[in-house]
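One-letter residues, chain by chain:
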Amino acid sequence: MEKQPPMQDQLTQIEKRALQDINEARDLKSLQEAEVKHLGRKSALTALMSKLKDLSPDEKKKIGPLSNQIKTSITNKFEEKRAQLETIEIEAKLKTEFFDITIPGSAREIGRVHPLAQLQHEVENIFHGMGFTVADGPEIESEYYNFEGLNIPADHPARDMQDTFFVDAKHEAKHGRLVLRTQTSPVQIRTMEKYGAPLRIIVPGRVFRNEATDASHETTFHQVEGLLIDTHISLANLKGIMTEFLTELFKKEVSVRFRPGYFPFVEPGVELDFSCLICTGKGCSVCKRTGWVEFMGAGMVHPNVLKAGGIDSQKYRGWAFGFGLERLAMMRYGIDDIRLFHSGDLRFIKQF
Ligand code: FA5
């Protein structure tokens, strides 16, 4: 049988081979294999240590601690190398994998309510608090509801006041041609037909006019219609309601005034102005030095309109109004161009 070198030399050899394998291991898998080979149950080191018990006490004293020291040293080297390889493998993975956990997350943008919608909700809340119901109607409307029912016959010059988009549909509506509604007033007749009197509604909604656009005119904009029908109603009620509404909206004392105005569906018709909030009535560029801001058209509902809505004009009276939501938002937020609202420009929208 071949004579074994002394145990001390065997241990030095074992350590040398183990360190060489550790050095050469290029990945965690080969390192793991080397670890089994050099520290596992079938390793030369384990075999050698199992023979320690057969040694003489003197040799045991020498070889025992030495073998433990070598085992610890090899174990530590494996640990060191494992840590190194793990770092290398993670870095390699991060380079090739799609998901890099070290990149800071991209914040999710939170949307916000459009300024017109915000204002519309406020308007609805205030009127709701005064007993008004929110109603709506179709944006594609018949000529009857948009004009005739509102006391504007086909040959009436008032048709020219609201340039109209006609819908090129083959199907003829029951009440004349189809139009994009030019105002929210057709909903007056629709709600009268549906609910009768008494009635207390507001109608916020989109309307369309075939007009050239500029800083204060859009082809698509929003109106808020108001209609109150009951037995003892006068313009004094309208003045009170609008003073309350504007004071609540602007959180400031606001007064209103009437001027004569013409709309075929009201008699008498008025224009309602409110006191300028910028100069509180003294006169500034916003109110064109008048101290008053033009706000809306209104008036007592014409008996022909009550009749069209199926309401007894001998028993009931009422008033109606209509204002532009964009123009109100412009005053409220100091916006100088109406075209910004529908521009889709996020720099504008994000300011609200
Ligand atoms: C009307 O549309 C009437 N239906 C209002 C009314 C209702 C009167 C009930 C009496 C009784 P007018 O055309 O003035 O009226 O429009 C009402 C408001 O819509 C205006 O005061 C203005 O604020 C807004 N407006 C009108 N045209 C445009 C436009 N091209 N762009 C933006 N806003 C507009």
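In this report, we go over the structure that sits alongside the text. Residue indices begin from 1 for each chain and proceed along its sequence in written order. Residue-level local features of this predicted model are given only where pLDDT is at least 70; pairs of side-chain atoms are given and counted only at 80 or more, and the full residue set underlies all totals for whole chains, interfaces and linings. Here the side-chain values reflect all heavy atoms present in the structure, with hydrogen atoms and water set aside.

## A few points about the side chain of Glu124
Positionally, Glu124 belongs in helix 5 (residues 115-129). Burial classification: accessible surface area is computed with a 1.4 Å probe over protein chains only, and a residue below 20% of its type maximum counts as buried, one above 50% as exposed, and the rest as partly exposed. A residue counts as positive if it is Lys or Arg and as negative if it is Asp or Glu; His and the chain ends are not included. We count a salt bridge whenever a side-chain nitrogen from Lys or Arg sits within 4 Å of a carboxyl oxygen from Asp or Glu. Although Glu124 is buried, it forms no salt bridge, and the closest oppositely charged side chain is Arg181 at an N-O distance of 11 Å. What Glu124 contacts, discounting residues up to four positions off in sequence, is Val134, Ile202 and Pro204. A helix here means a DSSP run of H or I that spans at least four residues, while a strand means a run of E at least two residues long, and both kinds are numbered starting from the N terminus. In this analysis, two residues are considered to be in contact whenever any of their non-hydrogen atoms come within 4.5 Å of each other.

## Brief notes about unusual backbone geometry
Along the chain, Ala197 connects to Pro198 via a cis peptide bond; the corresponding omega equals -5°. Checked against the element boundaries, Pro198 lands in the loop between helix 7 (186-195) and strand 4 (199-208). Here the residue pair Glu267 and Pro268 is connected by a cis peptide bond, since its omega of 0° sits within 30 degrees of zero. Here Pro268 is to be found in strand 7 (residues 266-275). Its identity is not glycine, yet Lys251 carries a phi of approximately 55°, on the positive side.

## A few points about the side chain of His302
In this structure, His302 sits in the loop between strand 8 (292-301) and helix 9 (303-308). Discounting chain neighbours no more than four positions away, the residues touching His302 are Asn151, Pro264, Phe265, Val266 and Glu267.

## Description of the packing of helix 5 against helix 10 (residues 325-333)
One can describe the packing of helix 5 onto helix 10 by two numbers: an axis separation of 10 Å at closest approach and a directional angle of 100°. Taken together, helix 5 and helix 10 sit at an angle that is classed as roughly perpendicular. Here Pro115, Leu116, Gln118, Leu119, Gln120, Glu122 and Val123 of helix 5 come into contact with helix 10, specifically with Leu325, Glu326, Leu328, Ala329, Arg332 and Tyr333. For this classification, the nonpolar set comprises Ala, Val, Leu, Ile, Met, Phe, Trp, Tyr, Cys and Pro, the charged set comprises Asp, Glu, Lys and Arg, and every other residue, Gly included, is treated as polar. Of the residues contributing to the contact of helix 5 with helix 10, the split by class is eight nonpolar, two polar and three charged. Only the contacting stretch of a helix is used when fitting its axis, a line to C-alpha atoms as for every element, and angles between N-to-C directions run 0 to 180 degrees. For classification purposes, an angle smaller than 35 degrees is called roughly parallel, one larger than 145 roughly antiparallel, one from 65 to 115 roughly perpendicular, and anything else oblique.

## Examining the packing of helix 1 (residues 7-24) against helix 4 (residues 57-96)
Running from N to C, helix 1 and helix 4 point in directions that differ by 0°, and their axes come no closer than 10 Å. It follows from the interaxial angle that helix 1 and helix 4 lie roughly parallel. Counting all contacts with helix 1, which are made through Met7, Gln8, Leu11, Thr12, Ile14, Glu15, Ala18, Leu19, Ile22 and Asn23, the residues of helix 4 involved are Lys62, Ile63, Leu66, Ser67, Ile70, Ser73, Ile74, Lys77, Phe78 and Lys81. Tallied by class, residues from the contact of helix 1 with helix 4 come to 11 nonpolar, five polar and four charged.

Keep in mind these numbers describe shape, not what the thing actually does.
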